[in-house]
Amino acid sequence: MTADVHAFTGITKLDMPPDYILDAAKGKLQGVVLMGFDKDGELYACSSYADGGTVLWLMEQTKKRLMDAVC
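Residues numbered from 1 in each chain as written. Predicted model: local features only at pLDDT ≥ 70, side-chain atom pairs only at ≥ 80, totals over all residues. Heavy atoms only, no water.

Caption draft 1: Molecular detail of a nonpolar patch on the surface. Together, Leu22, Leu29, Val32, Leu34 and Tyr44 make up a nonpolar patch on the protein surface, roughly 420 Å² of accessible area in all. Note that Leu29 resides in the loop between α1 (18-25) and β1 (33-37). (Patch = residues over 30% accessible without salt bridge, like charges linked within 9 Å, V, L, I, M, F, W, Y side chains within 5 Å. Areas by Shrake-Rupley, 256 points an atom, 1.4 Å probe, with all protein chains shown as cover. Salt bridge = Lys/Arg side-chain N within 4 Å of Asp/Glu carboxyl O. Helix = DSSP H or I, 4+ residues; strand = E, 2+ residues; numbered from the N terminus.)

Below you can see the structure in the form of structure tokens.
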């Protein structure tokens, strides 16, 4: 018997492996802002956008969506 396994694409309260998220996004994005912690616990941030205003706008839009979803 073989199992038909599908990747979970919904909202979860559980952390997911970063490589899983990055692999799922490959080929789908116009640009990216990446934020997280490295393996030493230090803040890591980079972006494919050169303009800091664009990066900040994306961060604020993401923050708004998170706040709207929680409240």
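Caption draft 2: The environment of Met35, seen in detail. Note on placement: Met35 falls in strand β1. Distance from Met35 to Gly53, taken between C-alpha atoms, is 16 Å for residues 18 residues apart in sequence. Those residues in contact with Met35 that sit more than four places away from it in its chain are Tyr44, Ala45 and Met59. (Contact = heavy atoms within 4.5 Å.)

Caption draft 3: Local environment of the pairing of strand β2 (residues 43-47). Across five bridges, β1 lies against β2 in antiparallel orientation. Residue pairing in the sheet places Leu34 in a bridge with Cys46 of β2. Count of turn residues in the β1/β2 antiparallel hairpin: five residues, of which Gly41 carries a positive phi of about 85°. (Pairing = 2+ DSSP bridges.)

Geometric values such as these leave the question of function open.
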